[in-house]
Amino acid sequence: MRTLLIVNPNATSTTPATRDLLAHALESRTQLIVAHTQHRGHAAELAQWATEARMDLIVVHGGDGTVNETINGFLPLPAVDAAESAGAQRGWLPRLGVIPGGSANVFARSLGIEADPVAATNQLIDLLSLDGGGTHAGDRRIGLMVADGRWCAFSAGVGLDADVCEAIDRSRAAGHAATPARYLRTTVRQFFRAKRRDPLITVHVPDHDPVPGVHYAFVTNTSPWTYLDNTPVRTNPGTSFERGLGVFAMRTMGVLPTLSVARQLLASNGDPKGRNLFRVDDVSTVRIEADDEVGLQIDGDFIGRRNVVDFTSVPEVLEVVAPKPESARHS
């Protein structure tokens, strides 16, 4: 098995000792090439090279942003029309493995990957072993989301969510780590800034009336939406990599209703509901329109400002090395 290990040495929780352990473990099982990212977009370039070189496996040791770059670097977007789809041939594509190295690591943890990088390394090696049927124990195919013409692994947001990511990006550029405490402080600060603005967003979901007067909205490909330290935050608990998209749209910036919904998001058995909350799970497409341009984040990275964003669920499109979902293990 030929493997490319992509390491983001600047990710929040990567250390030289962990990188050495991961490389040593993979070298014992695969033909390994190690590459460190050196600039924004480098992970995508490396992933494209690995695909052209017909590598069997790409392992990413970094945060959610590095994972997103990697996926967009090697996985072709779906065809835009029937004619293109009929002529398209699925070329050689490697599998993807992830060792958490960022601050939240939502994608890896949602896949059932251990949060601790050392434990995740041992887990990856176990998942790469062959089972009795001659297949790898960690073979799994998951769905992703296309948002704004690019792959999104787990979550996108418009409005408040994107404003927080933009502020965090500026903070990182100034040399500050993206810690959970910093995210929380930034979210509170951006919330009270956004509270003074009129709602701009309308959400369109198939088989539902348009939802106007939205202040901010999340579209998710799995649950949880994020983590607050070790606590999962679940906006759409009925959403998973094996189902469609979840939509969570708030039509109020009132403090009391916001706190009520926030408590539900943090509950272990949470099923968020509220008079000013529009929420639906397992839909195929979503369109978000805004009167004026609003911020857009994809997998925790600020993308820019848009008037219209389309989101599409693409099932079973990515092969990953990860534990089987609970439903498959018990079937």
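Throughout this description, residue numbers start from 1 for each chain and increase along the sequence as written. Side-chain atom pairs in this predicted model are given and counted only at pLDDT of 80 or more, local residue features only at pLDDT of at least 70, and totals for whole chains, interfaces and linings cover all residues. Each side-chain value is derived from all of the structure's non-hydrogen atoms; neither hydrogens nor water enter the calculation.

## Side note on the domain arrangement of the protein
Heads up, the condition is: Either an automatic procedure or a domain database provided the assignment from which the domain bounds are taken. Contacts were defined at the residue level, with two residues in contact if any of their heavy atoms lie within 4.5 Å. Note: buried area is the sum, over both parts, of the accessible area (probe 1.4 Å) each one loses when the two are combined. Throughout this description, the term salt bridge denotes a Lys or Arg side-chain nitrogen within 4 Å of a carboxyl oxygen of Asp or Glu. Two N or O atoms count as a polar contact when they lie within 3.5 Å, although within protein this holds only if one can serve as hydrogen donor and the other as acceptor, and sequence-adjacent residues are included solely when both atoms are side-chain atoms. The way it works is that DSSP assigns letters per residue, a run of H or I at least four long becomes a helix, a run of E at least two long becomes a strand, and they are numbered from the N terminus. Think of it as three bins: nonpolar holds Ala, Val, Leu, Ile, Met, Phe, Trp, Tyr, Cys and Pro, charged holds Asp, Glu, Lys and Arg, and polar takes everything else, Gly as well.
Split into domains, the protein comes out as domain 1 (2–138) and domain 2 (152–319). Computed from C-alpha atoms alone, the centre-to-centre distance between domain 1 and domain 2 is 26 Å. Each partner contributes to the interface: domain 1 provides 18 residues, whereas domain 2 provides 22 residues. Counting the surface lost from both domain 1 and domain 2, the interface buries some 1700 Å², and carbon and sulfur atoms represent 60% of this. On inspection of domain 1 and its partner domain 2, the count reaches 1 salt bridge. Put simply, domain 1 and domain 2 have 2 residue pairs in polar contact (both at pLDDT 80 or more) between them. Those elements that place two or more of their residues in the side of domain 1 that touches domain 2 are α3 (64–74), β4 (95–100) and α5 (106–110). Here the side of domain 1 that touches domain 2 takes 5 residues from α3, the largest share from any one element. Taken together, the residues that form the side of domain 1 that touches domain 2 break down as 9 nonpolar, 4 polar and 5 charged.

## As for the packing of aromatic side chains
Here is the rule we go by: Note on ring pairs: Phe, Tyr and Trp rings are taken, using the six-membered ring of Trp, and paired if centres are within 6.5 Å. Classes follow the plane angle, with under 30 degrees stacked, over 60 edge-to-face and the rest tilted. A 1.4 Å probe rolled over the protein chains alone gives each residue an accessible area, and that area as a share of the maximum for its type sets the label: buried under 20%, exposed over 50%, partly exposed in between.
The tally for this structure, following the rule as stated, stands at 5 aromatic pairs. Here the aromatic rings of F191 and F192 are separated by 5.3 Å at their centres, their planes lie at 90°, and the arrangement is edge-to-face. A residue is classified by how much of its surface remains accessible, and F191, at 9% relative accessible area, is buried. An angle of 45° between the planes, with centres 5.7 Å apart, marks the rings of Y216 and F218 as tilted. Classification of F218 by relative accessible area gives buried; the value is 5%. Ring pairing ties together the aromatic residues Y216, F218, W225 and F248, which thus form one cluster.

## Some thoughts on the side chain of S110
In this fold, S110 is placed in helix α5. When its relative accessible area of 15% is taken as the criterion, S110 is described as buried. If sequence neighbours within four positions are ignored, S110 has contacts with T222, S223, P224, Y227 and F241.

## A word on unusual backbone geometry
Of note, the amide linkage connecting S223 to P224 takes the cis form, showing an omega dihedral of 10°. With a phi close to 55°, N105 is a non-glycine residue in the positive phi region. Summarising the element assignment, N105 is placed in the loop between β4 and α5. Even without a glycine there, the phi angle at D148 is positive, about 55°. On the secondary structure map, D148 appears in the loop between β5 (139–147) and β6 (150–152).

## Describing a nonpolar patch on the surface
Short version of the rule: In this analysis, a patch consists of residues with relative accessible area above 30% that form no salt bridge, clustered at 9 Å for like charges and at 5 Å for the nonpolar side chains Val, Leu, Ile, Met, Phe, Trp and Tyr. Note on areas: Shrake-Rupley, 1.4 Å probe, and residue coverage restricted to the protein chains presented here.
Together, L184, V188, F192, L228, V255, L256, L259 and L266 line one region of the surface with nonpolar side chains, adding up to about 690 Å² of accessible area. Put simply, the parts of the chain that give the nonpolar patch at least two residues each are α8 (180–194) and α9 (255–266). For L184, the position within the fold is in helix α8.

## Some words on the pattern of salt bridges
For the coordinates displayed, the defined rule picks out 15 salt bridges. Between R170 and E166 there is a salt bridge, and its shortest N-O distance comes to 3.8 Å. Residue R170 and its partner E166 are both found in helix α7 (residues 160–173); the two are separated by 4 residues, about one turn of the helix. The shortest N-O distance in the salt bridge between D271 and K273 comes to 3.7 Å. Each of D163, E166, R170, R197 and R305 takes part in a single network of salt bridges with overlapping partners.

## Things to note about the environment of S171
With respect to the secondary-structure elements, S171 resides in helix α7. Judged by its relative accessible area of 12%, S171 falls in the buried class. Sequence separation between S171 and T186 is 15 residues; the distance between their C-alpha atoms is 9.9 Å. Among all residues touching S171, those that are not within four sequence positions of it are H176 and R182.

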